[in-house]
Every structure is written in structure tokens, then in C-alpha cells.
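Residue-level listing of the chains:
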Amino acid sequence: MHMRDIRIGAQLSAAFALVLFFVVVLGVLAWYHTDVVWRSLDGLYRHPFVVREAIGDLRSDILIIHRNMKDLLLTEDPARQDVLLRGIGLAEIDAEQQFDILFDRYLGHRSDIDSVRIAFELWKGIRQQTVRLLHAGRRDEAVQRTMADGVGGAHAEHMYRLLRTIQGTAQSKADYFRQRSNEQKRALTQRLVGVVLLILFLSGFLGLLLFRAIRQPVSELTTAAARFTNGDYDVRSSVKGRNELGCLSAAFNGLAEKIQREIRLRDTVQHIKHALVEEHTLHTASKTLLRSILTRTSAKSGAVYLYQEANDNYTLFESIGMPSDTPVSFSALQREDVFGLTMETKEITRISNITDDAMFLLKTPEGRLRPKEILSIPIIFDGRTHAIIAITSPTGFSDQDLGVFDQLSLFLGTYFSNIQTAERIEAYASTLEKQNQELEAQTRELCRQAEELGEQNVELALQKQELSKASAMKSTFLSNMSHELRTPLNSVIALSGVLQRRLRDSISEQECSYIEIIERNGKHLLSLINNILDLSRIEAGREVIENSDTNIAHLVRDVSDMLLPQAEAKNLRLECSVQQDLPTVVTDAAKCRQILINLVGNAIKFTDAGSVRVSACVREETMRILVSDTGIGIAPQQLEYIFDEFRQADEGVARKHDGTGLGLAISRRYATLMHASIEVESVLGQGSSFTLVLPLRSEVSADRYGTQSSTVNTVFEYASHSGAHILIVEDNEAAQLQLREILEPQGYRISTAGNGAEALRQVREIMPDGIILDLMMPEIDGFELLRLLREGAYGGTIPVLILTAKQVTREELASLKGNNIHQFIQKGDISKRELLAAVAGLVRGSESVIPAVPDDRTEPQHLSPLPTVLVIEDNSDSMVTIEALLHGVCEVKQAGDGFTGIEMAVRLKPEIILLDISLPELDGFQVLDAIRKQTHLRDTPVVAITALGTIDDQHQIIRRGFTACVEKPVDGANLIRTIMGLIHGIHQS
Ligand code: ADP
């Protein structure tokens, strides 16, 4: 029997048993020898030691007896003798015991002991004889006997000799025992060394045997496993046997076999997949699939049947090695033939018992053979069998083949689906490419057209450039022309007005009407020019929107009040229905006002009878201001043109009604700038309604709005008198409210009184810092109240601002003069800015001035020495006009150029300087710089007279150091207000 057939457990058990046996042998051996040594030791103990001890005791007993005998002979004391005799007796008894031990233990000749005993017995008789001699009184004889040379002494000596002999024998026995023990020890050592060496040798041999029996197969197995891991799949373990290692080797070989099979299977599948990956069409893919299957498995022919949805059939799509009469298609519904089961179960079907009438026969050089096996493999995706692969083998399919088909069938489902999708995409792509090509052709054509267009564009751009040049020239021309036109026109209007007032009493009515015509036509021409200028400013993009919180109710009322005289002149009702609680709108109030003036003005102009109605309401985040009339209306076909420049609905009518045809055009452009719109509805002969639609919040960004607001605020800055208490004496509640709304936000504390009595009471109670007084009141009127105030204990010095719509006569003015009136303002002319300036002056206690506004029909009055105004203007007509306008209000000093102006300013130190910007040689800015260099003129207000007329320009002028700016054509009232404001209250920066 070979070691490899013995189980490793058995081998190890045998080795263990053997080692155990050796250990037992070693133990027995050691036990035996230990016993021998013990016996030697026991002998050693029993004989030499005990015998020598007994001999020693015996000697001492003999010695005691011998000595006692001597002592007995020497003493005569009977008691002492008794003691000695008793001692001798005891020694004899002990000697007997020692003899017994010697008899028992002595290993020498027994006669040795007997000799001593006999001698002892004899000595006993000798001693008895000696005692008898003593008793017989023969002491000396008795003593003689105990001497060394006496019979007793000699006998004792004899016994000593015998004992020495016995002792020598005992000693030699001890030596013998010792020697024997030594020998035993040597023998034991030798035997033990031998046995240990034997055990070592046997154990080593056994270990070697076991080592070889285990290590060799294990190393063989390890090598095989390592080679297998490194890819040598053919390696197998050669370890054979029925023990564990043999079993392990067999298991390893089995595992390697299985893995190798799996790898081969995977390689085959992988190879087929790789071959398929390179195919892009269903036909080539099917062909490659069949080819790969035929070369890599035992299949020898095959066909791919593809499902056709159109006829619910599987149609032969690709085949290799199939006879020509192979069925071309079969129904997907009929499940009885070869593929029936496959279609039914959707699993690979293996048909082995092929009959003669099978549908597949193998085509071989030897003729047609019946295959041994047919496989039908379904190709499934989306749960449907999209194709079936039929393959045949003349030998049958191995398990490996079946494994390959199993794995392939899973992969082929996705693969066929992908390839069909790819084919579809390719078809789309080719269609797209075709379309692309067409598009490219179209693009080329378009490019060509674009090139042509580009050339045309260049031409157009050139034309545009010329056009914008022309437009710029037009704007400049219009600006210049309007400047050139407005300067003389201003003179014409202003002077005709002056003439009319001055000559009213000295010329005939007809001549007076001529002057009126001159003035009216001048104004018409001026309005035309202003409109043209506005339009040119909008077109040049120089119009700026200045948003602010705007009270629409006030604005609408303001415009209605302003145009009321026109309506009344035509006997029209001008109705204004606006609620007071309308929300404020963030918008450009000035432009809004201008639009409303135009709309309401048009309504009045084109209405001969009936009414004009202005209303406002909020709807869908917008403020809608509606101006409707019962006038002539506009024909529908004209509606779309009325907002065009210089377009009038009907030339004839327009001419009849006067007008420039620019009002609506400008209004719409303003509205567009403000993100507002103007809507119109009209029925010819019945009336029209125009609606201005304003967004509640301006879309202009808050930042921009804020910036603009602050810019505006920097132009006019009022001295702040927060906390000053103002009493408004006014019977009209709306007017009270209006004043309160203007003054309260500026920090003034406001109290109101609706009549004179109430006013007197309030003055007493609150002692206001200033009073704003309306002259026309029921019961106690303004004049009377003023008189009572000045006469009374209270209010005698309170400054009063007269605010009235009444035309004051010379007499009334004279009466006011005596009552410490601070300022006198005509209600109709007042603006928020002027009112604030006037109230600021009132509270600050500026010098009293009456009046601030000239009356067109009466000569202007003043209650203080006339202020000197230096006018520096090169245009003599303008100079005459300004002088005429300021006549009676200021003392006008004239300078025709910059140099003269500077010289006169230094010399005259005027209260105000009016300075034309466009002077020859030294322009207005240079003159201003020169004036400002004079210390005493540093604070003198200098007002720019400019014809440039845009807000931008005004800002620039103010920034350059002018105190204020007045536009040409100079409006008399405005000029005087500005001058008076500067002298009495407004700080313009
Ligand atoms: P103008 O009033 O100076 O002629 P507008 O631009 O203001 O110019 O108006 C253009 C035209 O629109 C007017 O000439 C007139 O024919 C028509 N129109 C404007 N408002 C009215 C209205 N309320 N009723 C009838 N027609 C109007």
C-alpha cells in the first residue's frame, strides 16, 4: 500500500501512536532502573548503617559494663554498688537487643555474631565470679580481674576485636552496595541515551515520511493553481490518491475543467459579439452571426427568420448552408411546425428526433443529410419575438454550444433592436442629409441674396448717414431758425402788448385792434415755432423725462381753470369731474400738463356748442384722464392721421379753427417718452374723446428717477423753515387743501381759517409766524381783516402774504401798502415753486414787496425803490423788449457787449444782472467769470438769458455759476417773477 492511499489523518495518528509507544518504553525503562537504584539504596541503608549503629551501641554497652565493674570494685558503698549493678544490668539488656539487630541485619557470616555473643556470655560469667570475689572480700583479686591484663579486662578487649571484625565486614558490604549503585547508574544512563536516540531517529524518520507524503502533493497543487490563475487553463493537478490531498486535487481539476469550459463559452460568445459589433446593417449582421455560429459551434447550417409586422409572418432573411427549398416564411400565428414551441415559450427549442419530412435538411457534398439536431433560438426584445434563428447540426449540440446559444439569445435581443434603431436613424440621417443638402443650396442662394442685400444695405447705410446728417442739420437749422425767429417775434409780441397797454387811451379802437392782430398773429407764429422746436428736440432725443409724484386731480383742475376763460368765451361748459382721493402718479408733470392743455384746448377749439368734460379714474394699474367733447368729431378715415405732424382732419375745418397740426403729434411723442399712450374715439358730428393713459408708476428706473429728482432739486433750493407756523385765511376749502399739500411736506405747520372772525381768533391763540390771506371773503374781507390785525394787540407785526384772484385797484393797493404786506401774488399765476419761495421769504421776514406780478391791464405798481437791473444784451431789439417789460418794475441799465457789461457791473453794483449767453467777443460765461472775480459782485444774482432752451442746457448753465436761467423769447411775467424771487426769497443754485 502506498502512502498516498493512506489518509493524512491516519498517517498522523500512526506517527503519534509510535511516538507514544516510544515514550512508554522510555518510561518503563526509567521505572525499572529507578527500582534497582532504590533497592541498592535500601540495602545500603539496611545493612551498613543499621549494623554499624548496632555495633556502636554494643561497644558502648560493653564499655559501660566494664567501667561499672571497675567502679563497683572501687566503691564500698552498697547503694552505689546497687546503682552500678543496675547499670550493668541495663547495659546487658541493651546489648541483647543489639545482638538481635545484628542477627537480623548483618549480612556477613553469622558465626561472627555468634562469636561475639559467646564471648559476651563468657564475660558475663567472669564478671559474676569477680562480684563473688568482691563479696567474698577478695577485692584485690577482683580488682585484678578487671584490669587490662586481668581476665575480665582481657575478655572485654577480645570482644572489642571481634566487634571491629564485624564492623569491617559491614563496611565492605556498604562499599559493595555503593559500587553496585554506581554500576546501575551507568547502565541506566547508557540505556536511556540509547532509547532516546532510537526515539529521535524513529521520530525523524516518521516526520520525514509524513512531510514527504503531505508537502509534495500540496506543492504540486499550489503550482497547478498558480499556473491556472495565470491563465494556463489546461493545467491539471497530477496528485492522485485516496487521501484528502487526492480528493482536493480531484476537486481542483474538476473546478478548473468547469472554469475552462465557462471561459471557452465566454470566449466564443465574446468572439461572436465582437464580430457583430462591427456590423451596421441587419443583413450583414445576420450573415456574420450565422457564419460565427457555424465556425464556433457544431452547427453546420443556419437561417435567420425576421418577423414582418405587415403580414404577421417570419420571413427568411439570411441563411448559410440551407437547401434552396428551405421555407421562405412561416406564419406567426400557426404554432405547429418546428418554430411553434419557440414562439410559444419564447425559449430555445432543441429538436432531436428529426423525421424524414423535417423542413431542414443539410446540404453536403454527399447529398442532403438529415441533421441530428435542430435548434431554434428566439430573438426577443420588448417582450416580442422579432426574429428566430434556426440552426442544424449533423452531430448534435454539445452542452457548450447550448451555453453559447443561451447567452447569445439574451444579447441578440438588444443587439437586433439597436441595429434596427440604427438603421432607422441612418435612414433618417440620410433623409436629413438630403434635406441638409437642399438647405445648403438654399443657404447658398440666401447668402447670395444676403450679399446683394448687404450691398444694398451699404447703399442704404450711406443714405442713412446722409439722412441723419440732413436730420442733424435740420435740427440745428430748426433750433437756429427758431432762435432767430423767436428773438424778433418776442420783441413783436412783447412790444405790441406794451403798445396796446400804453396807447389804449390815445389811439382809435381800430388801430388798437390792429395792434391786437399783430400780437395774436405773433403769438400764433411763436406757438408754431415753439412746437417745431419741441418736435426737433424730441427727434434729436434731447427731451428728458423728469418724473415726480404728481397729483392728477390738481393737475386736471389746474388745466381746466387755465382754459376756463377760453371755454367761457365760446359759451361752452367746461366740466371737471375728478375725485380728490385719486392716487398720485409718478410721471413728468410738466409734459402731462402740456398734453392735457393740448387735448382740452383742442376739445374747446373743435366744439362750437355743448360741453367739454375732463375726468380721471384709475383702471388696471393705469390712470386714465378722459377729455370728451360734443364737438365736430373726426371722420374714421382721418383718425389714424391726426397724430401725424402737420396733419389736420380736414384742412378746411382746421383752417377755420386755427391750429398748426403739431399739438397731437407732440403730445403722442411725449406720451411715448413717458410710457403712456393716447387713445381716441370719435363720431363725426357728435364729438370726440381723447384718453391719456398713464402708468401709475413710471417704468423709468427708480435710480434714474431719483437722480433726476435730485438734479431738479439742485436747480431750485428753498431756504427751509421747518416748523414755522402758517395761518391760511381762505374761504375756499379746495384752495386751503391745495396750499396745505404744498406747504406741509416742506415742514410748515399749517392752520386754516375759513373767515375773518375765525382768523382773528386763531391769530390770538397760536400767534402764527406768517399769514397767507385771501382778499375775497364773505363778511370780513381781506382788507378789513388786515386792518383789524394791524390795529389789534396781536398780529400787528405778523408778515402777511396776499394770495388772491382779485384784480387789485390802485386804491386797494395803496391801502395794502400801509399794512406790512410781505408779498402779493396773483392766484392764477402761482406755481408751487413760487409759492414756496414766497412763503420762505415771508417767514424769514424779507423786505416787503408789492407787487410781484404786473397786471396786463394796469400799470405795474411797486411799493419800494426800484431795484437796479443791469441788462447785458447785444441784440438791440431784445434790449428794447426787456426794458419795456421791466419798465416800472426795475431800473434797467443797458450794456451792449461783455466788456461794457463788466465795467458797468463793477461801477453800478446792480441788484441783478441779466446776461445774454451768446454775446460777440466775450460770451456770457466769460463775462460771468469776470464778474464773479469782483469781490463785491460775488453774490450778485446773474440770470442767464438763453435761446437754447433745453433742460440740459439750463442745468449746464446753472452748473457754470448762473443764479437762474430765463429762456428767450422772454416772458414778461416769468422774468419779473424770477427777478423778484431772487431779490426776495428764492435761492437758485
Ligand atoms: P391742431 O389742433 O393745431 O390743428 P393737433 O395736432 O392738435 O393740431 O390736432 C390735429 C387735428 O386733429 C386737428 O386739426 C383736428 O382736425 C383733429 N382734432 C384734434 N382734436 C380734435 C377734437 N377734440 N375734435 C375734433 N377734431 C380734433
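Not measured: the values here are computed from a predicted model.

## Regarding the environment of leucine 664
- For leucine 664, the position within the fold is in helix α15 (residues 663-673).
- Looking at leucine 664, the relative accessible area reads 9%, which means it is buried.
- Leucine 664 has contacts with Asn598, Leu599, Asn602, Ile642, Phe643 and Phe690, leaving out every residue within four places of it along the chain.

## Examining the layout of surface pockets
- The space that makes up the second largest pocket amounts to roughly 320 Å³.
- In terms of lining residues, the second largest pocket is bounded by 16 residues, among which His2, Arg4, Arg212, Ala213 and Gln216 are the most central.
- At the level of secondary structure, the elements contributing two or more residues to the lining of the second largest pocket comprise α5 (151-229) and α6 (244-277).
- By residue number, the principal contributor to the lining of the second largest pocket is α5, which donates seven residues.
- Considered class by class, the residues forming the lining of the second largest pocket number seven nonpolar, five polar and four charged.

## Digging into the pairing of strand β1 (residues 301-308)
- Most of β1 is tucked away, with seven of its eight residues classed as buried.
- Where β1 lies against strand β8 (residues 384-393), six bridges are found, and the strand directions are antiparallel. Bridge pairing in β8 links valine 304 to isoleucine 389.
- Across seven bridges, the pairing between β1 and strand β2 (residues 313-320) is antiparallel. Residue pairing for β2: valine 304 is matched across the bridge by glutamate 318.
- Here β1 folds back onto β2, and the loop between the two strands holds four residues, one of which, aspartate 312, carries a positive phi near 55 degrees.

## Focus on helix α10 (residues 509-539)
- The end-to-end C-alpha distance of α10, which contains 31 residues, comes to 44 Å, matching closely the 45 Å that a straight helix rising 1.5 Å per residue would cover.
- Note on α10: the residue one or two positions beyond its end, glycine 541, has a positive phi of about 70 degrees.

## Concerning the packing of helix α3 (residues 110-135) against helix α4 (residues 139-146)
- Between α3 and α4, whose axes approach to 7 Å, the crossing angle comes to 155 degrees. With respect to each other, α3 and α4 are oriented roughly antiparallel. Between α3 and α4 lies a crossing of left-handed hand. Seen from α3, the contacting residues are Ile126, Gln129, Thr130, Leu133 and Leu134; seen from α4, they are Arg139, Glu141, Ala142, Arg145 and Thr146.
- Classifying every residue of the contact of α3 with α4 gives four nonpolar, three polar and three charged.

## Focus on the packing of helix α11 (residues 552-569) against helix α12 (residues 589-605)
- At a minimum axis separation of 10 Å, α11 and α12 run at an interaxial angle of 35 degrees. When the axes of α11 and α12 are compared, the crossing they make is right-handed. Taken together, the residues of α12 that come into contact with α11 (itself represented by Leu555, Val556, Asp558, Val559, Met562, Leu563, Gln566 and Ala567) are Ala589, Cys592, Arg593, Leu596, Ile597, Val600, Gly601 and Ile604.
- Taken together, the residues that form the contact of α11 with α12 break down as 12 nonpolar, two polar and two charged.

## Remarks on the confidence of the model for the protein chain
- Per-residue confidence for the protein chain gives a mean pLDDT of 81, with 86% of residues at or over 70.
- Note that residues 699-721 has pLDDT below 50 and, in this model, 36 contacts with residues that lie over four places away or in other chains.
- Contacts for the low-pLDDT stretch residues 846-864, under 50 throughout, to residues beyond four places or in other chains number 46 contacts.

## A short note on the pattern of salt bridges
- Per the counting criterion, the structure on display carries 27 salt bridges.
- Put simply, aspartate 232 and arginine 227 hold a salt bridge, and the shortest N to O gap is 2.8 Å.
- A salt bridge links glutamate 903 to arginine 907, with the nearest nitrogen and oxygen atoms 2.8 Å apart. With glutamate 903 and arginine 907 both in helix α23 (residues 898-908), this residue pair falls four residues apart, about one helical turn.

## Section: the sheet that holds strand β7 (residues 373-381)
- In space, the six strands of this open sheet follow the order β3-β2-β1-β8-β7-β4, with antiparallel pairing throughout. Of all strands in the sheet, those with a lone pairing partner are β3 (329-331) and β4 (349-351), marking the two edges. For this sheet the average axis-to-axis angle between neighbouring strands, irrespective of direction, equals 20 degrees.
- Strand direction decides the pairing type here: β2 and β3, joined by three bridges, are antiparallel. Within β3, the position partnered with threonine 315 by the bridge is serine 329.
- Running over the sheet, helix α7 (residues 282-296) touches β1, β2 and β8 and is turned about 60 degrees from β2.

## Considering the side chain of aspartate 629
- Inspection of the secondary structure assignment puts aspartate 629 in strand β13 (residues 622-629).
- Despite its burial, aspartate 629 remains without a salt bridge, the nearest opposite charge being carried by lysine 570 at 9.8 Å.
- In this structure the side chain of aspartate 629 is engaged in a polar contact, spanning 2.9 Å, whose partner is the backbone nitrogen of glycine 631.
- Excluding its chain neighbours within four sequence positions, the residues that come into contact with aspartate 629 are Ala603, Thr607, Ser611, Val612, Gln686, Gly687 and Ser688.

## What to know about the nonpolar core
- Counting 44 residues, the largest nonpolar core has Ile552, Met623, Ile625, Leu692 and Leu694 as its most contacted members.
- Taken together, the elements giving at least two residues each to this core come down to α10, α11, α12, β12 (611-619), β13, α15 and β15 (687-695).
- Formed by 34 residues, the second largest nonpolar core is a distinct cluster that contains Ala54, Ile65, Leu72 and Tyr160.

## Some words on unusual backbone geometry
- Positive phi, normally seen in glycine, also occurs at lysine 346, with a value near 60 degrees.
- Within the fold, lysine 346 resides in the loop between α8 (340-345) and β4.
- According to the relative accessible area criterion, lysine 346 is partly exposed, its value standing at 37%.
- Phi is positive for glutamate 621, close to 60 degrees, though the residue is something other than glycine.
- Along the polypeptide, glutamate 621 turns up in the loop between β12 and β13.

What counts, and at which threshold
Residues numbered from 1 in each chain as written. Predicted model: local features only at pLDDT ≥ 70, side-chain atom pairs only at ≥ 80, totals over all residues. Heavy atoms only, no water. Helix = DSSP H or I, 4+ residues; strand = E, 2+ residues; numbered from the N terminus. Buried < 20%, exposed > 50% of the residue type's maximum accessible area, 1.4 Å probe, protein only. Contact = heavy atoms within 4.5 Å. 1 Å grid on protein atoms, 1.4 Å probe; cavity = no way out; pocket = protein on both sides within 12 Å on 5 of 7 lines; lining within 4 Å. Points joined across faces, edges and corners; volume = space filled by probe spheres on them. Nonpolar A, V, L, I, M, F, W, Y, C, P; charged D, E, K, R; others polar. Pairing = 2+ DSSP bridges. Expected span 1.5 Å × (residues − 1). Axes fitted to C-alpha atoms, helices over the stretch in contact; angles between N-to-C directions. Parallel < 35°, antiparallel > 145°, perpendicular 65-115°, else oblique. Left-handed = near helix turned anticlockwise from the far one by under 90°. pLDDT = per-residue confidence, 0-100. Salt bridge = Lys/Arg side-chain N within 4 Å of Asp/Glu carboxyl O. Lys, Arg positive; Asp, Glu negative; His and termini not counted. Polar contact = N/O pair within 3.5 Å; in protein donor to acceptor, adjacent residues only side chain to side chain. Core = buried A, V, L, I, M, F, W, Y, C linked by side-chain atoms within 4.5 Å.

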